[in-house]
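Here is what each chain is made of, one letter per residue.
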Amino acid sequence: MSTRTPLFVLGAGGHGKVVAEAARACGAFDFRGFVDHDRSRWGTEWDGVPIHGSPDALDADASIALGVGDNRARSEAMRGLDGKRIATVVHPSAVVARTARLGDGTYVGPMAVVHADAEIGRGCIVNSAAVVEHDCRLGDYVHVSPRATLGGGVTVGEGTHLGLGAVLLPGLSVGAWTTLGAGAVMVESLPDRVTAMGVPARQRPVPGSRIYLSPPHLGDDEWALVREAFASNWIAPLGPHVDAFEAEFSRAVGAPHSAALSSGTAALHLALRRLGVKLGDTVFCSTLTFVASANPILYQGGTPVFIDSDETSWNMDPDLLADELDRASRAGRLPRAVVVVHLYGQSADIDPILAACERHGVPLVEDAAEALGARYRGRSPGTFGRFGIFSFNGNKIITTSGGGMLVTADGSEASTVRFLASQARTPAAHYEHEVVGFNYRLSNVLAAIGRGQLRRLEERVAARRETFAFYQQALGAVPGIAFMPEAPYGEASRWLSVILVDPEAFGADADEIRRHLEGADIEARPVWKPMHRQPLFAHCRVVGGGVADRLFRRGLCLPSGSSLRDEDRARVVETLLATPRTRRRTRVSLVHPVRVDGAAR
Ligand SMILES: *Cc1c(COP(=O)(O)O)cnc(C)c1O
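Since the structure is predicted, the reported quantities are computational estimates derived from the model, not experimental observations.

S.K.: Quick question: what am I supposed to make of the pattern of salt bridges here?
M.R.: Side-chain pairing between opposite charges can occur once the charged atoms of the two side chains come close. Per the stated rule, a full pass over the model turns up 33 salt bridges. With its nearest N and O atoms 3.0 Å apart, the salt bridge here joins R41 to D36. Classification of R41 by relative accessible area gives partly exposed; the value is 31%. Judged by relative accessible area, D36 falls into the buried class, the value being 8%. In this structure, D511 engages R515 in a salt bridge whose closest nitrogen and oxygen atoms are separated by 3.1 Å. Here D511 pairs with R515, and both are found in helix α13 (residues 510-519), just four residues apart, close to one helical turn. Here the salt bridges share partners, and the residues they tie into one network are D221, R455, R456, E459 and R460.

S.K.: Explain the nonpolar core here, please?
M.R.: Considering soluble globular proteins, one finds that nonpolar side chains tend to be buried as a cluster. Counting residues in hydrophobic clusters, the biggest one holds 37 residues, and the most contacted among them are F249, Y344 and L372. Contributing elements (two or more residues each) for this core: α4 (240-253), β33 (404-408), α10 (444-454), α11 (457-475), β36 (497-501) and α14 (546-554). If you tally residues by element for this core, the top one is α4, at four residues. Per-domain counts for this core show at least three residues from each of domain 3 (220-454) and domain 4 (457-577). In this structure L372 touches F249, V253, F390, F392, I397, I398, L457, V461 and S493, once residues within four positions along its chain are discounted.

S.K.: Where do I start with the packing of helix α7 (residues 318-330) against helix α8 (residues 350-360) in this structure?
M.R.: Think of two packed helices as two axes; the pair is described by the angle between the axes and how far apart they sit. Interhelical geometry of α7 versus α8 gives an angle of 10° and a closest axis separation of 9 Å. Of the possible angle classes, the one that applies to α7 and α8 is roughly parallel. Two secondary-structure elements touch here, α7 through P318, L321, A322, L325, D326 and S329 and α8 through P352, I353, A356, C357, R359 and H360. Tallied by class, the residues present in the contact of α7 with α8 amount to eight nonpolar, two polar and two charged.

S.K.: How should I be thinking about the site of the ligand in this particular structure?
M.R.: For the ligand, the set of nearby residues contains 15 residues, the closest of which are T265, D367, E370, S391 and K396. In this structure, G264 approaches the ligand through a main-chain N or O atom, which is 2.7 Å from an oxygen atom. G403 places a polar main-chain atom, nitrogen or oxygen, 3.5 Å from an oxygen atom of the ligand. For the shell around the ligand, the residue count by class is four nonpolar, eight polar and three charged.

S.K.: Looking at this model, I keep getting lost on the sheet that holds strand β25 (residues 202-203). Mind explaining?
M.R.: Pairing between the strands of a sheet is mediated by backbone hydrogen bonds and can be parallel or antiparallel. Spatially, the eight strands line up as an open sheet ordered β7-β10-β13-β16-β19-β22-β24-β25, and their pairing is mixed. Looking at strand neighbours, the two that pair on one side only are β7 (89-90) and β25, the edges of this open sheet. As judged from the two bridges shared by strand β19 (residues 161-162) and strand β22 (residues 179-180), these two strands associate in the parallel manner. Bridge pairing in β22 places L162 opposite L180.

Rules used throughout
- Residues numbered from 1 in each chain as written.
- Predicted model: local features only at pLDDT ≥ 70, side-chain atom pairs only at ≥ 80, totals over all residues.
- Heavy atoms only, no water.
- Salt bridge = Lys/Arg side-chain N within 4 Å of Asp/Glu carboxyl O.
- Buried < 20%, exposed > 50% of the residue type's maximum accessible area, 1.4 Å probe, protein only.
- Helix = DSSP H or I, 4+ residues; strand = E, 2+ residues; numbered from the N terminus.
- Core = buried A, V, L, I, M, F, W, Y, C linked by side-chain atoms within 4.5 Å.
- Domains from an automatic or database assignment.
- Contact = heavy atoms within 4.5 Å.
- Axes fitted to C-alpha atoms, helices over the stretch in contact; angles between N-to-C directions.
- Parallel < 35°, antiparallel > 145°, perpendicular 65-115°, else oblique.
- Nonpolar A, V, L, I, M, F, W, Y, C, P; charged D, E, K, R; others polar.
- Near = heavy atom within 4 Å.
- Polar contact = N/O pair within 3.5 Å; in protein donor to acceptor, adjacent residues only side chain to side chain.
- Pairing = 2+ DSSP bridges.

Here you go:
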C-alpha cells in the first residue's frame, strides 16, 4: 500500500535515534531499523525496531540514512556505503528554502532553517534549530550543532564541527576539519584544522601546552651542582666538574677514557683530526644522519662517501660497507676512516662493521650522539671503535645545553684530544704553540649540569622506552603505521620514537600528519634527510641509498622527551589519528568516478 522508501539508519547511538525520529515524522520513509557495526547491539531493539549488523544484508531497494554524529566516523561510514542508496532526511518542522541544495546523506533537524541559495554538502548535519542563512556554502561532513547560527554567505570547509549555539558572522569562512566550541562567536575567519572557542572566538591551544619533540629535562641535582661551580668560582673551560664528569661518564658507558668537549661535532672533528684525515682523503659515513656526522669530514678537507642503511637497524648496512671496502682496497683507495652513526638511540650492527674495518686496517669512529644509554650485545655503542662521540645538545637524551664527549680506550689519545681542545698550548708560562689547536673544551659550569643529568640517565632511558611502548600500543595496529624496529642484538634507548607512514593505507602521508600535529601545537619532525640528498654533498658518492630515501619519505619522529606525561602521549596519539585521511584509494574513487578507459587516477 505504501510508496514510502524503506529506510535503515546507520548507527544506533544518540544521533541515530534522532535521525530515526525525523525519518518517522516526515512520512516519506518506511523506517525499518538500524544497522550498526557494534556487535553487542546486534539482535537488540530500540523502540520496537531491530538493530542489524552489516548493511550488505539489507534489501537492495532500501535507503540508508547516516546516524553517526562524529564527523570523521560519518565520513568513513559514508565511504563504506559506496554503491548503496543514501537518504537525505529533513524533519518536517525544518524550513529548507526552495533554492537551497542539500547533498546526499545530509540530515536537517527539527526547527532548523536552511535559507535561500544555501548549499550543504554530503553527509552533513544541520541539527535542531540551527540556522544556515542565505548563500552559505558547507563542505561535506560538516556538523552544525543545535542552535548554531551561520550568517549569510558563510563558508565552512569539509568535516568542520560548529558547536552548540556557536555564531558565525556573515561572510566569514572556516577551514576544513576545524572545531568551533559551543557558544563561540566567530568574528574573523578560521583556518583548517584548528580549535577555537570563546567570545570572540580564539584559537587554542593555550600557551604552554606545546608538546616538543625532545626538550631538555632537568632534575634537582643540576641546580645544586651549578651553584657549587659558582661558589667555587670555577667558571672556565676546565675545573673539578669537568674532571668529575669525564670520570663519571667513563663509568656510565664503560669507556676507559673520556674527554669533555664543547659539542659532539667538536668531538667528531678531533677524532678525524687524530686519525689524520686530510685534503684528498675519503671517509665512509652513514648517509641517514644529521649533518653533524659528516661536516667534520669537510672541516678536514676530506670527501665523504655515504653508505646506505639496512632495514633492521636503519643504520649503516654492514654488507654494503664490507663490499665497498673490498672494492676500495682493490682500487688502492681505502678511506682514512669510517664514521658509523647509531641513529635515534639504536646501535648499528657493530661486529660485522668492525670486522670489515679491521680486515682493511681502517679505523672506526662511532657517532653515538643519539645513542647514550643504548646497548649493543650488552655494551654501550661508542665504545667499540677507535673513537666514540656523544652529544649533550639540548635535544639529546641528557644535556648540558650544549656539549659533547669523546671516548677512547687509549689514554694518551684522550690527553692529546684535551690538549688540542685547549688551543694546543704546551706547558710554558708564555704558551708555546707547535700545532694548530682549537677552543673545544667544555665549561666547568656546563659539566656540573652534565653530572646532574648523568645521574638520571637510566630513568631517562626508561621514560623514552615507555613513550615508545605507549605509541606502539596505541598505534601499532593502525593500518599504514609501522614502527622503527629494535634490532635483535641490542636494546635501543628510543631517543626518538619513529614511525613509518604508508599514505595509501593510512590515508595521509608523514608530512600531512606532521602539519596536522603542528596545528595542534605538537612538534614532530621528518626522519633525517639523507646526506646524499643534501645540496652540500651533491659532489659525493653514495653506496645504495634507496633504503635511506624510503625512510626519509615515510618516516616521522614523534614527541619523545623523557618529561612527557601520559596525557601528552595520549594527546599525540589522538591528534595523529584525527589527521584528515584524504589519500585513501576508496575516497579518491568516490570523488573521481572510475573512468571507463581505465586511465590511472
Ligand atoms: C646531535 C648530533 C650530533 C652533533 O652533536 P652536537 O653536540 O650538537 O654538535 C652529531 N651526530 C648526530 C647523529 C647527532 O644527532
